[in-house]
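Take a look at the letters that make up each chain.
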Amino acid sequence: MSINTHNTHIVNGFAYHAPTSVAEATKLLDEHGVEASILAGGTDLVPKMKQAILKPKHVVNLKHIPELAGVREEAEQIRIGALTRLRDLERSIIVTEKLPLIHEAITAIGSVQIRNMATVGGNLCNASPAADSAQALVALGAKANIAGPKCERSIELESFFTGPGRTVLGRGELLASLTLPYPEEGSRGAFIKLGRTSLDLATVSIAVNAKMKKETVESIRVVMGAVAPTPLRLRNVEQSLAKKKLTVDAIEEAGKLVSESIKPITDIRGTAEYRRVASKGLAMEALTRILDGSRRDK
Amino acid sequence: MKITIRVNGKPRGFDVEPNTLLLNLVRDGMLLTGAKYGCGVGECGACTVLLDGESVLACMVLAFDADGRNVETIEGLGEYDSLHPIQEAYLEEGAVQCGFCTPGFVMSTKALLSEKSQPTETEIREYLKGNMCRCTGYVNIVRAVQSAAAKMKGPG
Ligand SMILES: Cc1cc2nc3c(=O)[nH]c(=O)nc-3n(C[C@H](O)[C@H](O)[C@H](O)COP(=O)(O)OP(=O)(O)OC[C@H]3O[C@@H](n4cnc5c(N)ncnc54)[C@H](O)[C@@H]3O)c2cc1C
Ligand code: FES
Ligand code: FES
């Protein structure tokens, strides 16, 4: 092992598979079960393999399945392939024009090199409570489309995560795509992330998407990152804001409620107390940006 | 398994194991030691090479993922007596001290200038944030990128 003291190698060997269809991939995953790891961009998986935190006997590379990558407009929805690289996602015209909130969240991830490699599916399946794409996608009402050896299923992305590093994916299953409804007229979003450095995972983050009628909230989704075991949707805050005019007082009130509603922990990135105070500020800032935006629209 | 990679313009064949990383293949297999091993986990950018023109971290790319593709390293840019304008600019602006980070920075700069020929300072800092330098303090690096952009634009 001494050869790898500086993470220079993947010491353990593995069998490599590069399926070219979803059916072939799910069959392989089903066959090898817990001994197999899916490889997408590898920015989470490869460091774990180098540090021998994970020692898969089989690695199934999904990058040779063309149908899993890309952003497409369909009749009722926008589809984002799970293997879409973050850099392709942030540069997609469909995303910059119709889903600016996603653009904002994705460009906050890592560095250019990381985004050239990493995929959106990898970000979600790694299931870090701090994963930056998750809050924005949940705020926009994304569905996760899952392919398995026997059938396909679709669930709300919100219920995809079951804990840190854990998802609903069962044996043989993979995340195939995300589908999002076209944003309604008057939709506005804001994403804000606080990290220790610009390259770090979030210490606390927030994504808000609101349907505004002038300065009044018609409907709203508020999702926080890194304050709970999974991305956290704050339904009580959403309800308290619905049909309300966004005034300075209403925004202050909402910020307080956000801070009271989360159950943060203390870890290397920040203390629970810090997260509580910061989340109030983040929520107020996000709502203020939404208000400013809808004022500009008149 | 046998793979073929076009390295700095020349196709080359290699026989590699599934767990071979691109950086080890470049440094130990091809003896191109420009790209450096810094952290090994994606945080420092010293191992940056271009894969089909885009900057990636060779310390986290499986060699298999480079099969059939173009890999560009610092060695492909210029020679001692005919430096690339980006290399010239880094030297002239004092953007190189110990030099450990330089190959990574130069490759990131090449990718940046091919996407955007005249970036602003904010765009330069954002694009290069995945590259760490423990010596220069970054100011001279930003100047070097600006100067390289000007050189590559040419007069007028
Ligand atoms: C220096 C650095 C900085 C980073 N900064 C950030 C940051 O700011 N914000 C952030 O959110 N993340 C950050 N990350 C984490 C990481 O880059 C992202 O989570 C990235 O999106 C992971 O995608 P990937 O394609 O590389 O995943 P991989 O590493 O290939 O896979 C991640 C996990 O998901 C599984 N998986 C991948 N795709 C699928 C699929 N389609 N179906 C089922 N399972 C799948 C894999 O088996 C693996 O367990 C950073 C990482 C590094 C190294
Ligand atoms: S050695 Fe690859 S990023 Fe540090
Ligand atoms: S010049 Fe020494 S690390 Fe950058």
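Residues numbered from 1 in each chain as written. Chains lettered and ligands numbered in written order. Predicted model: local features only at pLDDT ≥ 70, side-chain atom pairs only at ≥ 80, totals over all residues. Heavy atoms only, no water.

Peer 1: Explain the pairing of strand β4 (residues 54-57) of chain B residue by residue, including any values.
Peer 2: Residues and elements named next belong to chain B. With burial as the criterion, each face of β4 is covered, one bearing E54 and V56 and the other bearing S55 and L57. Relative to β4, strand β3 (residues 48-51) is paired through 4 bridges, and the arrangement is antiparallel. Paired with V49 across the bridge in β4 is V56. Two successive antiparallel strands, β3 and β4, enclose a turn made up of 2 residues, where D52 displays a positive phi of approximately 50°. (Buried < 20%, exposed > 50% of the residue type's maximum accessible area, 1.4 Å probe, protein only. Helix = DSSP H or I, 4+ residues; strand = E, 2+ residues; numbered from the N terminus. Pairing = 2+ DSSP bridges.)

Peer 1: Please provide a residue-by-residue account of the interface of chain A and chain B, values included.
Peer 2: Contacts between chain A and chain B engage 32 residues on the former and 30 residues on the latter. In terms of surface lost to chain B, no three residues of chain A exceed Y16, Q113 and M117 of chain A, which account for 23% of the buried area on that side. Joining chain A to chain B, the criterion identifies 5 salt bridges. With a closest N to O distance of 2.8 Å, R85 of chain A and E54 of chain B form a salt bridge. Where chain A packs against chain B, one counts 16 residue pairs in polar contact (both at pLDDT 80 or more). When residues of the side of chain A that touches chain B are traced back to their parent elements, those giving at least two are α2 (45-50), α3 (86-91) and α6 (112-117) of chain A. Considering every element that reaches the side of chain A that touches chain B, the biggest residue donor is α6 of chain A, with 5 residues. Split into classes, the residues belonging to the side of chain A that touches chain B amount to 11 nonpolar, 16 polar and 5 charged. (Contact = heavy atoms within 4.5 Å. Buried area = accessible area lost by both parts, 1.4 Å probe. Salt bridge = Lys/Arg side-chain N within 4 Å of Asp/Glu carboxyl O. Polar contact = N/O pair within 3.5 Å; in protein donor to acceptor, adjacent residues only side chain to side chain. Nonpolar A, V, L, I, M, F, W, Y, C, P; charged D, E, K, R; others polar.)

Peer 1: Before we move on, can you summarise the pairing of strand β6 (residues 143-147) of chain A with the specific residues and values?
Peer 2: Residue and element names in this part refer to chain A. Within β6, 4 of the 5 residues are buried, which leaves it mostly tucked inside the rest of the structure. For β6 and strand β7 (residues 152-156), the ladder comprises 5 bridges, and the chain directions are antiparallel. If you follow I146 over to β7, its bridge partner there is R153. Here β6 folds back onto β7 in antiparallel fashion, the turn holding 4 residues. Alignment of β6 against strand β10 (residues 174-181), held across 5 bridges, turns out to be antiparallel. Residue pairing in the sheet places K143 in a bridge with T179 of β10.

Peer 1: Please give an account of the nonpolar core that cites residues and values.
Peer 2: Core analysis: the biggest nonpolar cluster contains 90 residues, and I102, L124, L137, L157 and F160 of chain A together with I5 and L22 of chain B have the highest contact counts within it. In contact with L22 of chain B, other than residues within four places in its own chain, are I5, V49, A58, V61, L62, A63, A66 and V71 of chain B. Counting 27 residues, the second-largest nonpolar core is a separate cluster that includes V204, I206, M212 and A286 of chain A. (Core = buried A, V, L, I, M, F, W, Y, C linked by side-chain atoms within 4.5 Å.)

Peer 1: So, the domain arrangement of chain B: which residues are in play, and what are the values?
Peer 2: Residue and element names in this part refer to chain B. Under the domain assignment, chain B is made up of domain 1 (2-76) and domain 2 (85-153). On a C-alpha basis, the centroid separation for the pair domain 1 and domain 2 is 21 Å. Summing both sides of the interface, domain 1 and domain 2 together bury roughly 1,100 Å²; the carbon and sulfur share of this comes to 62%. At the surface where domain 1 touches domain 2, the tally comes to 1 salt bridge. Put simply, E72 and K110 hold a salt bridge, and the shortest N to O gap is 2.5 Å. In this structure, the connection of domain 1 to domain 2 is made through 4 residue pairs in polar contact (both at pLDDT 80 or more). (Domains from an automatic or database assignment.)

Peer 1: Give a detailed account of the sheet that holds β4 of chain B, specifying residues and quantitative values.
Peer 2: All names here are of chain B. Within the open sheet, the 5 strands sit side by side as β2-β1-β5-β3-β4. Their pairing is mixed. Lying at the two open borders of the sheet, with one neighbouring strand each, are β2 (10-15) and β4. Neighbour to neighbour, the strand axes of the sheet diverge by 40° on average, direction disregarded. As paired strands, strand β1 (residues 2-7) and strand β5 (residues 70-72) are joined by 2 bridges and run parallel to one another. The partner of V7 across the bridge, within β5, is V71. Against the sheet, helix α1 (residues 22-29) touches β1, β2, β3 and β5, its axis set at about 75° to β1. Sitting on the sheet, helix α3 (residues 102-115) touches β3, β4 and β5, and the angle it makes with β3 is about 35°. (Axes fitted to C-alpha atoms, helices over the stretch in contact; angles between N-to-C directions.)

Peer 1: Give me the lowdown on the packing of helix α10 (residues 248-261) of chain A against helix α11 (residues 272-297) of chain A, citing residues and values where you can.
Peer 2: To characterise two packed helices, one gives the angle between the axes of the helices and the distance between these axes. Residues and elements named next belong to chain A. Between α10 and α11, the shortest axis-to-axis distance is 8 Å and the interhelical angle comes to 145°. Helix-helix and strand crossings are classified by hand; for α10 and α11 the assignment is right-handed. Every residue of α11 that contacts α10 at I251, E252, A254, G255, K256, V258, S259 and E260 is listed here: R276, S279, K280, A283, M284, L287, T288 and L291. In the contact of α10 with α11, the residues fall into 7 nonpolar, 4 polar and 5 charged. (Left-handed = near helix turned anticlockwise from the far one by under 90°.)

Peer 1: Tell me about unusual backbone geometry, and name the residues and values.
Peer 2: In this structure, A226 of chain A takes a positive phi of about 65° despite not being glycine. Inspection of the secondary structure assignment puts A226 of chain A in the loop between β13 (216-225) and β14 (232-233). The phi dihedral of L31 of chain B is positive, around 55°, even though this residue is not glycine. Within the secondary structure layout, L31 of chain B lies in the loop between α1 and β3. By relative accessible area, which is 66% here, L31 of chain B ends up exposed.

Peer 1: Any details on the site of ligand 1? Residues and values, ideally.
Peer 2: In the vicinity of ligand 1 there are 35 residues, among which I38, T43, D44, L45 and T119 of chain A approach most closely. Surrounding ligand 1 is a set of residues that belongs to chains A and B. With respect to ligand 1, the backbone of G110 of chain A contributes an N or O atom lying 3.0 Å from an oxygen atom. A total of 980 Å² of accessible area belongs to ligand 1 in isolation, and the protein chains cover 92% of it. (Near = heavy atom within 4 Å. Areas by Shrake-Rupley, 256 points an atom, 1.4 Å probe, with all protein chains shown as cover.)

Peer 1: Help me get a handle on the pattern of salt bridges, residues and values and all.
Peer 2: Inspection of the entire model under this criterion finds 36 salt bridges over all chains. Between E158 of chain A and R233 of chain A there is a salt bridge, with the nearest N and O atoms lying 3.1 Å from each other. Residue E158 of chain A is located in the loop between β7 and β8 (161-163), and its partner R233 of chain A is located in strand β14; the two are separated by 75 residues in the primary sequence. A salt bridge links K2 of chain B to D15 of chain B, with the shortest nitrogen-to-oxygen separation between them at 3.5 Å. On the criterion of sequence distance, the pair formed by K2 of chain B in strand β1 and D15 of chain B in strand β2 is long-range, its members being 13 residues apart. Accessibility classification places K2 of chain B together with D15 of chain B in one group, the exposed group. Salt bridges linked by common partners bring R85, R87, D88, E90, R91 and R115 of chain A together with E54 and E115 of chain B together as one network.

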